[in-house]
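Listed below, chain by chain, are the residues.
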Amino acid sequence: MEYFLIVAFLFIVGAVIGWVIEVLFRRFFSQKRWVNPGFLVGPYLPLYGFGLCGLFGLANIDLSFITTNYTLQVIIMVALMTIVMTIIEYIAGLIFIKGMNIKLWDYSNRKGNIQGIICPLFTFFWAVISAVYVLFIHKFVLSWVSWFTNNIAFSFVVGVFIGAMIIDFGYSMHLATKIKHYAKEMQIVVHYEKLKDTISSRLKAIKQHSVFMFPFKTIESLKDSISAYIEAQKKD
C-alpha cells in the first residue's frame, strides 16, 4: 500500500510540475501566449506524471553489475531513461491518434519524425531532462519521498488530486469522444492544440475571450468549430 501511495505521490508531483513547465514554455518560447496545455482541463499533465515515476524507478537501478565507473553508469542511465521516455511519448501519442482521431502534439514538420509523434529533436530534449534528473534532481525527489513516507497523512491530498483527475478525465473523454465522432465523419485527425487556437481566434473575432481552463468553451457547436478548424488548416 505504501508503495502505491509513493507512486501516486510522484505521479501527481510530476504531472503538476510538467504542466507548469509546458505553460511557461508555450508562453515565452513557442506560442507566446498563455495556453492551457494537454488533454485534461486541470493543472496537470499525466505524461509527465508517468515520466517522473519512470525516471525515479530507473534511477534506483544499481548499474554496478555492468560497470563500476560512475561516469559510464550515468551515461548508460541517461540513455536508458531517454529511450523509456521516448517510448512513453510514442505510446501516448499513438493511443490518441488511433483510438480517438486526435493529435495531442504534432512533430510532422520536424526532421526524422515518426508519425509526427516523436522526433530526434524532442528525444534530445528527453536526454537533457534525463541527465539533469540523474545529476541534480533525483536526490531531491528521494528527499520528497522520504518526507512523504514520514507524513503519510498527506496521502489525503494525493487522493483529492487523483479524484479530481479522474473526474477531469471523464469530462475530457466525453469531449474527446465528440471530437472523435466528427473527426471520423469528416475523415480527419484533429490536432488538439490547433483546434484550441481556432476556437480562440473565432472568439476574438467577435470580441470575446476564451476560458483558460476550458479552451473548448464557445458559443457555437463543436461541429462548427471543427469545420472552421478544417478551413483554417486548408489556408495554412
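Residues numbered from 1 in each chain as written. Predicted model: local features only at pLDDT ≥ 70, side-chain atom pairs only at ≥ 80, totals over all residues. Heavy atoms only, no water.

1. Some details on the packing of aromatic side chains
Phase 1 of the analysis: Taken as a whole and judged by the stated rule, the model has 17 aromatic pairs.
Phase 2 of the analysis: Centroid distance Tyr171 to Phe214: 5.9 Å. Interplanar angle 85°. Geometry classified as edge-to-face. With Tyr171 in helix H5 (residues 155–186) and Phe214 in the loop between helix H6 (192–205) and helix H7 (222–235), the pair connects residues that are 43 residues apart, well separated along the chain.
Phase 3 of the analysis: Both rings, one in Tyr192 and one in Phe216, keep their centres 4.9 Å apart while their planes meet at 55°; by these two values the pair is tilted. One end of the pair, Tyr192, is in helix H6; the other, Phe216, is in the loop between H6 and H7, and 24 residues separate them in sequence. For the pair Tyr192 and Phe216, one class covers both residues: buried.
Phase 4 of the analysis: An aromatic cluster is present here, built from Phe39, Phe96, Phe169, Tyr192 and Phe216 joined pairwise through their rings. (Phe/Tyr/Trp six-rings, centres within 6.5 Å; stacked < 30°, edge-to-face > 60°. Helix = DSSP H or I, 4+ residues; strand = E, 2+ residues; numbered from the N terminus. Buried < 20%, exposed > 50% of the residue type's maximum accessible area, 1.4 Å probe, protein only.)

2. A short note on the packing of helix H3 (residues 70–100) against helix H4 (residues 120–150)
Phase 1 of the analysis: Here H3 crosses H4 at 130°, and the two axes come no closer than 8 Å. Between H3 and H4, the angle is such that the two are oblique. Viewed along their axes, H3 and H4 form a crossing whose handedness is right-handed. Facing Tyr70, Val74, Met77, Val78, Met81, Thr82, Met85, Thr86 and Glu89 of H3, the residues of H4 in contact are Thr123, Trp126, Ala127, Ser130, Ala131, Tyr133, Val134 and Leu135.
Phase 2 of the analysis: Across the contact of H3 with H4, the residue classes break down as 12 nonpolar, four polar and one charged. (Axes fitted to C-alpha atoms, helices over the stretch in contact; angles between N-to-C directions. Parallel < 35°, antiparallel > 145°, perpendicular 65-115°, else oblique. Left-handed = near helix turned anticlockwise from the far one by under 90°. Contact = heavy atoms within 4.5 Å. Nonpolar A, V, L, I, M, F, W, Y, C, P; charged D, E, K, R; others polar.)

3. Notes on H7
One turn of an α-helix holds 3.6 residues; hence residues three or four places apart share an orientation.
Phase 1 of the analysis: Taking 1.5 Å of rise per residue, 14 residues should cover 20 Å, and H7 covers 20 Å from first to last C-alpha, within 8% of that figure.
Phase 2 of the analysis: Of all the residues in H7, the buried ones are Leu222, Ser225, Ile226, Ala228, Tyr229 and Ile230.
Phase 3 of the analysis: For H7, the secondary structure elements touched by its buried residues are H5, strand S2 (190–191) and H6. (Expected span 1.5 Å × (residues − 1).)

4. What about H6?
Phase 1 of the analysis: With 14 residues, H6 ought to run about 20 Å at 1.5 Å a step, and its terminal C-alpha atoms sit 20 Å apart, in line with that.
Phase 2 of the analysis: The complete set of buried residues in H6 reads Tyr192, Glu193, Leu195, Lys196, Thr198, Ile199, Ser200 and Leu203.
Phase 3 of the analysis: Against the buried residues of H6 lie helix H1 (2–30), strand S1 (102–103), H5, S2 and H7.
Phase 4 of the analysis: Of the residues one or two after H6, Lys207 is the one with positive phi, at around 60°.

5. Section: the environment of Thr82
Phase 1 of the analysis: Along the chain, Thr82 falls in helix H3.
Phase 2 of the analysis: Thr82 sits 46 residues away from Val128 along the chain, and the two C-alpha atoms are 8.5 Å apart.
Phase 3 of the analysis: Leaving out residues up to four positions away in the same chain, Thr82 has contacts with Thr123, Trp126, Ala127 and Ser130.

Geometric values such as these leave the question of function open.
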